[in-house]
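Below, each chain spelled out in residue letters.
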Amino acid sequence: MQIEAGPIEFRQSTFELAREGLLAIRDGQGTRVEAHEGALWVTEEGDLKDTVVSAGESFTIRHAGLTVITALSASRLTVEEPVRETLARPPDSARADVEWRRCA
């Protein structure tokens, strides 16, 4: 049986993967992957070095492109999208030399 799914949008999600189960993340630069149980093999597009993440450890995706996470054993993991800064225009009464301000 083969299951295909479209893109999933999330901020933080917990997944359970069977041994050799896969999770693919596209353009996840800055996304944090934390292993709660099991062990994960992380392969990032553009990086010659793969990373193994064991239970209790975390890893932050460093590159844009495709990242593939493979469960080396039955695993439970959390994937947390990075907080993105947004820019807001200050009111007209703000000082003229400040055009944009960072907002949390």
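Residues numbered from 1 in each chain as written. Predicted model: local features only at pLDDT ≥ 70, side-chain atom pairs only at ≥ 80, totals over all residues. Heavy atoms only, no water.

What follows deals with the overall build of the chain. Helix and strand counts for the chain stand at zero helices and ten strands. In the chain, the succession of α and β elements from N to C terminus is β-β-β-β-β-β-β-β-β-β. Per-residue burial for the chain yields a buried fraction of 27% across its 104 residues. Put simply, of all contacts in the chain between residues at least 6 apart along the chain, 66% involve residues at least 24 apart. Here the chain displays about 7700 Å² of accessible surface, and carbon together with sulfur accounts for 50% of that area. (Helix = DSSP H or I, 4+ residues; strand = E, 2+ residues; numbered from the N terminus. Buried < 20%, exposed > 50% of the residue type's maximum accessible area, 1.4 Å probe, protein only. Contact = heavy atoms within 4.5 Å. Areas by Shrake-Rupley, 256 points an atom, 1.4 Å probe, with all protein chains shown as cover.)

Another point: the nonpolar core. Counting residues in hydrophobic clusters, the biggest one holds 14 residues, and the most contacted among them are Leu23, Val33, Leu40, Val53, Ile69 and Leu77. For this core, the elements supplying multiple residues, two or more each, are strand E2 (22–26), strand E3 (32–37), strand E4 (39–44), strand E7 (66–71) and strand E8 (75–80). (Core = buried A, V, L, I, M, F, W, Y, C linked by side-chain atoms within 4.5 Å.)

A word on the environment of Thr67. By the element assignment, Thr67 lies in strand E7. Take Thr67: its relative accessible area is 0%, and that puts it in the buried class. Sequence separation of Thr67 and Arg26 is 41 residues, and the distance between their C-alpha atoms is 6.2 Å. Beyond its immediate sequence surroundings of up to four residues, Thr67 is in contact with Leu23, Ala24, Ile25, Val42, Thr43, Glu44 and Ile61.

In spatial order, the strands read E1-E8-E3-E6; together these four strands make up an open sheet with antiparallel pairing. For this open sheet the edge positions go to strand E1 (12–17) and strand E6 (58–60), each flanked by a neighbour on one side alone. Within this sheet the neighbouring strands show an average axis-to-axis angle of 20 degrees, counted without direction. Bridge count for E3 against E6 is three bridges, and the pairing is antiparallel. (Pairing = 2+ DSSP bridges. Axes fitted to C-alpha atoms, helices over the stretch in contact; angles between N-to-C directions.)

What follows concerns the side chain of Asp47. Among the secondary structure elements, Asp47 is positioned in the loop between E4 and strand E5 (51–54). Within the structure, Asp47 has its side chain in polar contact with the backbone nitrogen of Lys49 (distance 3.0 Å). Setting aside its immediate chain neighbours within four residues, Asp47 contacts Arg62 and His63. (Polar contact = N/O pair within 3.5 Å; in protein donor to acceptor, adjacent residues only side chain to side chain.)

What follows deals with unusual backbone geometry. Its identity is not glycine, yet Glu20 carries a phi of approximately 70 degrees, on the positive side. Residue classification places Glu20 among the exposed positions, given a relative accessible area of 55%. Despite not being glycine, Asp27 has its phi angle at roughly 55 degrees, a positive value.

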